[in-house]
Amino acid sequence: MSSNVAELYKRIKSDPHHKQVLFRQALQDPQGALSAICEIGKNLGLPVTSDEVKAYLADIDDDETKQWLLKARGGL
């Protein structure tokens, strides 16, 4: 798995704006949220694929993220 995914997740998690925008997006369009995560990665010089993001989130051991995913479940 790309090390970019972990770093990108860390950056998104520490940015309240990105978290809020992605959560809203995930509620309305989960696949769009995946695309947005990949776009953020590209813009930050941390390119990732949707499959990398899905795999990372499936394996993450973080209660806050698990709760977020339950609320935004649909395509992530």
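Keep in mind the model is a prediction, meaning the values are calculated, not measured.

Caption draft 1: Highlighting the nonpolar core. If you look at the biggest cluster of nonpolar residues, it comprises 15 residues, and the most contacted ones within it are L8, I12, I37, V48, V53 and Y56. At the level of elements, α1 (3-13), α3 (30-43) and α4 (50-59) are the ones that each hand at least two residues to this core. Discounting chain neighbours no more than four positions away, the residues touching I37 are L8, I12, L22, V48 and V53.

Caption draft 2: Representation of the packing of α3 against α4 in the model. Axis separation between α3 and α4 bottoms out at 9 Å; the angle between their running directions is 105°. If you check the angle between α3 and α4, you find them roughly perpendicular. Taken together, the residues of α4 that come into contact with α3 (itself represented by Q31, L34, I37 and C38) are S50, V53 and K54. Residues belonging to the contact of α3 with α4 are distributed by class as follows: 4 nonpolar, 2 polar and 1 charged.

Reading the values: the criteria
- Residues numbered from 1 in each chain as written.
- Predicted model: local features only at pLDDT ≥ 70, side-chain atom pairs only at ≥ 80, totals over all residues.
- Heavy atoms only, no water.
- Core = buried A, V, L, I, M, F, W, Y, C linked by side-chain atoms within 4.5 Å.
- Buried < 20%, exposed > 50% of the residue type's maximum accessible area, 1.4 Å probe, protein only.
- Helix = DSSP H or I, 4+ residues; strand = E, 2+ residues; numbered from the N terminus.
- Contact = heavy atoms within 4.5 Å.
- Axes fitted to C-alpha atoms, helices over the stretch in contact; angles between N-to-C directions.
- Parallel < 35°, antiparallel > 145°, perpendicular 65-115°, else oblique.
- Nonpolar A, V, L, I, M, F, W, Y, C, P; charged D, E, K, R; others polar.

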